[in-house]
Amino acid sequence: MSIRVEGLTKVYGTQKAVDGVSFSAGKGVTGFLGPNGAGKSTTMKILTGFIPQTSGTASVAGFDVTAQSLEVRKHIGYLPESNPLYLDMYVKESLAFIANIHGIPNADARIAEVIEQTGLGPEQHKKVGQLSKGYRQRVGLAQAMLHDPEVLILDEPTSGLDPNQLIGIRQLITDLGKTKTIILSTHIMQEVEAVCSQVIIINKGKIVADDTLENLRAENQGQSLESIFIRLTN
């Protein structure tokens, strides 16, 4: 398994944002769902090395997130919900900057490949600040996948996309999931049903469901994922 989490806990003052969470994820797309404030983003920030856990362990691609943080970062691509970008850089320039950080060989060829994959071709000579929200999301995704990581963690990756763009990015995530481990956090249930094979639901810092989409439906009399989600998180 590319991601292993055991008894992960994060405490802020008196509040447990994540409370003894355990799960694993392998190749494919895993939907990571929960209401606002459930602990999704905190868990993803711990996995990517942005913040330390209070207790418990987590490993990515076989590397411990605390003891081997630099190795984890080499093997992981992260698109945070806020999608921080340098707005004064041109699209290709921003990707070249990220490629340089990762020390990517043949960077120009890899940048061209990722621009093609993410549909950024028509916008590649514009400044990031001139792009629509949807195209900025694509730049963030391109940066996350540029160094060809084994694991991708995507927090609301389709936020701000129009229906046509949505189809393209969903297809890209599905294709990437054939060879990579992807954790996809979203509030859009149709998105999970379209691209995810495994579903993890977190509520108030605890895992309340962890199964295949097929099994979840079978155990809940064929109910929609939305109905299952509402029942488990209310």
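Identification of the protein as ATP-binding cassette domain-containing protein from Mucilaginibacter straminoryzae is taken from an unreviewed UniProt entry. Comment text from UniProt for the protein, heading Sequence similarities (unreviewed entry), reads "Belongs to the ABC transporter superfamily."

## Side note on the nonpolar core
In this structure, Leu 33, Leu 146, Leu 154, Val 199 and Leu 225 are the most contacted members of the largest nonpolar core, which totals 44 residues. If one sorts the elements of this core by residue count, helix α5 (residues 133–145) sits on top with six residues. With sequence-adjacent residues up to four places away left out, Leu 33 is seen in contact with Lys 40, Thr 186, Met 189, Val 192, Val 199, Ile 200, Ile 201, Ile 202, Leu 225 and Phe 229. The next biggest cluster of nonpolar side chains, apart from the first, holds 24 residues, and it includes Ile 3, Phe 32, Tyr 78 and Ile 183.

## Describing unusual backbone geometry
In this model, Lys 204 sits at a positive phi of 50°, which is unusual for a non-glycine residue. Of note, Lys 204 is situated in the loop between β9 (198–203) and β10 (206–212). The exposed category is assigned to Lys 204, whose relative accessible area is 68%. Not every positive phi belongs to a glycine, and Gln 221 is a case in point at roughly 50°.

## Topic: the packing of aromatic side chains
Tallying each qualifying case throughout the model produces three aromatic pairs. Centre to centre, the rings of Phe 23 and Phe 32 are 5.7 Å apart; their planes meet at 40°, and the pair counts as tilted. Here Phe 23 and Phe 32 have matching classes, each one buried. Arranged with centres 5.6 Å apart and planes meeting at 85°, the rings of Tyr 86 and Phe 97 form a pair that is edge-to-face. With Tyr 86 in the loop between β6 (76–79) and α3 (91–102) and Phe 97 in helix α3, the pair connects residues that are 11 residues apart, well separated along the chain. A relative accessible area of 53% means that Tyr 86 is categorised as exposed. By relative accessible area, which is 32% here, Phe 97 ends up partly exposed.

## Considering the pairing of β6
The alternating pattern of β6 places Ile 76 and Tyr 78 and Gly 77 and Leu 79 on opposite faces, both of which are buried. As paired strands, β6 and strand β7 (residues 151–155) are joined by four bridges and run parallel to one another. Bridge pairing in β7 places Tyr 78 opposite Ile 153.

## Let's talk about the pattern of salt bridges
According to the stated counting rule, one finds nine salt bridges in the structure shown. The salt bridge involving Lys 74 is made with Glu 71; its shortest N-O contact spans 3.2 Å. Residue Lys 74 and its partner Glu 71 are both found in helix α2 (residues 69–74); the two are separated by three residues, about one turn of the helix. In this structure Glu 71 comes out as partly exposed when scored by relative accessible area, which is 27%. Notably, a salt bridge pairs Lys 126 with Glu 123, separated by 2.9 Å at the nearest N-O pair. A cluster of three or more residues bridged by salt bridges with shared partners is formed by Lys 16, Asp 19 and Lys 206.

## Digging into the side chain of Glu 191
For Glu 191, the position within the fold is in helix α7 (residues 189–195). Taking the relative accessible area as the measure of exposure, Glu 191 reaches 1% and is therefore buried. Of the polar contacts made by the side chain of Glu 191, one reaches the side chain of Thr 186; its length is 3.3 Å.

## Considering helix α6 (residues 163–176)
The terminal C-alpha atoms of α6 lie 20 Å apart, and with 14 residues this matches the ideal 20 Å at 1.5 Å per residue to within 8%. Restricting attention to buried positions, one finds in α6 the residues Gln 165, Leu 166, Ile 169, Arg 170, Leu 172, Ile 173 and Leu 176. An end-on view of α6 places all buried positions within 160° of arc, on one side of the element. Within α6, the exposed residues directed more than 90 degrees away from the buried face are Pro 163, Asn 164 and Ile 167. Buried residues along α6 sit in contact with β3 (28–33), α4 (107–118), α5, β7, β8 (181–185) and α7. Sitting at the amino-terminal end of α6 is Asp 162, which places a side-chain oxygen 3.0 Å from the backbone nitrogen of Asn 164.

Parameters at a glance
- Residues numbered from 1 in each chain as written.
- Predicted model: local features only at pLDDT ≥ 70, side-chain atom pairs only at ≥ 80, totals over all residues.
- Heavy atoms only, no water.
- UniProt positions renumbered as here; feature names shortened; annotations may be inferred.
- Core = buried A, V, L, I, M, F, W, Y, C linked by side-chain atoms within 4.5 Å.
- Buried < 20%, exposed > 50% of the residue type's maximum accessible area, 1.4 Å probe, protein only.
- Helix = DSSP H or I, 4+ residues; strand = E, 2+ residues; numbered from the N terminus.
- Contact = heavy atoms within 4.5 Å.
- Phe/Tyr/Trp six-rings, centres within 6.5 Å; stacked < 30°, edge-to-face > 60°.
- Pairing = 2+ DSSP bridges.
- Salt bridge = Lys/Arg side-chain N within 4 Å of Asp/Glu carboxyl O.
- Polar contact = N/O pair within 3.5 Å; in protein donor to acceptor, adjacent residues only side chain to side chain.
- Expected span 1.5 Å × (residues − 1).
- Arc of directions from axis to C-beta.

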